[in-house]
Amino acid sequence: MSLGSLDRSDDRAPYKQIADQLRGAIERGELKPGDRLPSEADLMRHYDIARMTARQAIQELRTEGRVVAEQGRGVFVRLPAPVRRLASDRFARRHRDAGKAAFIAEAEKAVVAPSVDDIQVSRGPAPQPVRERLGLDEPGEVVIRSRRYLAEGLPVETAVSYIPADLADGTAIAEQDTGPGGIYARLEEAGHELAHFTEEVSARMPTVEERRRLQIPSGTPVLLVVRTAYDTAGRAVEVCDTVKAAPAYVLEYDFPAR
C-alpha cells in the first residue's frame, strides 16, 4: 500500500489521521486479512513522527478490532468475514435433515469455512438462571456441552449448551461428537420435535478469558445471546449461552408485520 501524508492544518491529531489512512486501506482491500501493517518504525520514517504517535495510530485500529498484534512478528489485519445469522432460517429442519448444525448452515451461507474446537462435555447441576429457563427442580441435573466456533480458522464464538440429563442420557448429546445435525437432530430423534426458540441479546465488554479464547484485542465488545429451545409439547429442552466477537457477526431478524 502507499501511505498518504499528514495535513498539518487539520484539527485532528496526527495519530488519528494516520489511523484513518490505514483504516481506509483496509476497507479498500489494499490491506487484506493476514497482511502485515507498516511497523512503528515505517510510520515514523514516512510521516516524520515520534514513536508514541505511531503507536497511538496502531492502537486505534487494535481497539476497533481491525488488527491484532503477534508477538515478535508485527501487527496484522484481522477482518474476518461476518457470519450473518438468519433468525428465520438457521434452525430450519431442512438443515438438520441435511446433517448440518446451525453454525455450519450460517457459515456456509456467509461463504466462510467453519470449524469447531475445544469441545468439552460434562454433567452437573444447572446454574440457577438455566434451571429456571429449563423449568427444572433443584439441583437440575444437566449435560453441559462447551465448544468454540471458528470461521476461516479465526475464533468467532464460544457456546455452552445445557440439556436436561433425562433427555441427553443414552444419546450422542452426551458424547464428544453429537453426529450429523448436532444436538437438535438428536433431540428430535428422541421424540422431542422442536417447535420454537427464544433469544435474549445483549452486549458488553469481554472478560480477560473471553478475550483470550476469542483472540480479540482490548476494546472489542462481545454479543451475548442466550437461546432457549422448546419442543411441540412446550417443554424447554436446551439453553445455549453464547459469547460472540461483535465484529464477526450481523444479527438479522425477520418479523411479521401482523
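The model shown is predicted, which means the values in this text are computed figures rather than measured ones.

Colleague: Is there a simple way to explain a nonpolar patch on the surface in this structure?
Modeller: Taken together, the side chains of V201, Y253 and F255 present a nonpolar region at the surface, about 320 Å² in accessible area. Within the fold, F255 resides in the segment after β10 (249-252).

Colleague: Would you take a moment to explain the packing of aromatic side chains for this structure?
Modeller: The geometry of an aromatic ring pair is captured by two quantities: the separation of the ring centres and the angle between the planes. Under the defined criterion, the tally for this structure stands at two aromatic pairs. Judged by centre distance (4.4 Å) and plane angle (25°), the rings of F103 and Y149 are stacked. Here F103 is found in helix α5 (residues 102-109), whereas its partner Y149 is found in strand β5 (residues 141-151), with 46 residues between them in sequence. Note on F103: relative accessible area 6%, which makes it buried. When the centroid spacing of 5.4 Å and the interplanar angle of 50° are considered together, the rings of Y184 and F197 count as tilted.

Colleague: Before we go on, may I ask you to explain the sheet that holds strand β8 (residues 222-231) in this structure?
Modeller: Picture the strands of a sheet paired through backbone hydrogen bonds; they go either parallel or antiparallel. Pairing in this open sheet of six strands is antiparallel, and the strands run β4-β5-β6-β9-β8-β7 from one edge to the other. Looking along the sheet, the strands with just one partner apiece sit at the ends: β4 (114-125) and β7 (194-204). Each neighbouring strand pair of the sheet contributes to a mean axis angle of 15°, computed without reference to strand direction. With ten bridges joining them, β7 and β8 adopt antiparallel strand pairing. Among the inter-strand pairings, T198 is bridged to a residue of β8, identified as T228. This element, α5, spans β4, β5 and β6 (154-164) of the sheet and lies at about 160° to β4.

Colleague: Even after reading the chapter, I still don't get the nonpolar core, so can you show me in this structure?
Modeller: As a rule of thumb, soluble globular proteins bury nonpolar side chains together. One finds V156, L214, V222 and Y249 to be the most contacted residues of the largest nonpolar core, which totals 19 residues. With 18 residues, the next largest nonpolar core counts L22, L37, I49 and A57 among its residues.

Colleague: Looking at this structure, how should I read the environment of Y249?
Modeller: Residue placement: Y249 occurs in strand β10. The residues touching Y249, leaving out its near neighbours within four places in the chain, are V83, R85, F103, V156, E157, L223 and K244. Within the structure, Y249 has its side chain in polar contact with the side chain of E157 (distance 2.5 Å).

Colleague: Explain the packing of helix α2 (residues 40-47) against helix α3 (residues 51-63) here, please?
Modeller: Packed helix pairs are characterised by how far apart their axes lie and by the angle those axes make with each other. Where α2 meets α3, the axes come as close as 9 Å, and the angle between the chain directions of the two elements is 120°. Here α2 and α3 pass one another in a crossing that is right-handed. Every residue of α3 that contacts α2 at E40, L43 and M44 is listed here: R51, A54, R55 and I58. Among the residues making up the contact of α2 with α3, the classes are represented as four nonpolar, no polar and three charged.

Colleague: Before we go on, may I ask you to explain α5 in this structure?
Modeller: Because an α-helix completes one turn every 3.6 residues, residues spaced three or four positions apart along the sequence face the same direction. Residues of α5 that are buried include every one of A102, F103, A105, E106 and A107, and no others. Trailing α5 by a residue or two, V111 shows a phi angle of about 60°, which is positive.

Colleague: Could you clarify how one ought to interpret the pairing of strand β2 (residues 74-77) in this entry?
Modeller: One ladder, built from four bridges, connects strand β1 (residues 67-70) with β2; its direction is antiparallel. Residue pairing in the sheet places V68 in a bridge with F76 of β2. Where β1 folds back on β2, the antiparallel hairpin that results is connected by three residues, among which G72 adopts a positive phi of roughly 80°.

Here is what the cut-offs are and how they apply
- Residues numbered from 1 in each chain as written.
- Predicted model: local features only at pLDDT ≥ 70, side-chain atom pairs only at ≥ 80, totals over all residues.
- Heavy atoms only, no water.
- Patch = residues over 30% accessible without salt bridge, like charges linked within 9 Å, V, L, I, M, F, W, Y side chains within 5 Å.
- Areas by Shrake-Rupley, 256 points an atom, 1.4 Å probe, with all protein chains shown as cover.
- Salt bridge = Lys/Arg side-chain N within 4 Å of Asp/Glu carboxyl O.
- Helix = DSSP H or I, 4+ residues; strand = E, 2+ residues; numbered from the N terminus.
- Phe/Tyr/Trp six-rings, centres within 6.5 Å; stacked < 30°, edge-to-face > 60°.
- Buried < 20%, exposed > 50% of the residue type's maximum accessible area, 1.4 Å probe, protein only.
- Pairing = 2+ DSSP bridges.
- Axes fitted to C-alpha atoms, helices over the stretch in contact; angles between N-to-C directions.
- Contact = heavy atoms within 4.5 Å.
- Core = buried A, V, L, I, M, F, W, Y, C linked by side-chain atoms within 4.5 Å.
- Polar contact = N/O pair within 3.5 Å; in protein donor to acceptor, adjacent residues only side chain to side chain.
- Left-handed = near helix turned anticlockwise from the far one by under 90°.
- Nonpolar A, V, L, I, M, F, W, Y, C, P; charged D, E, K, R; others polar.

Don't take any of this as a statement about function, it's just geometry.
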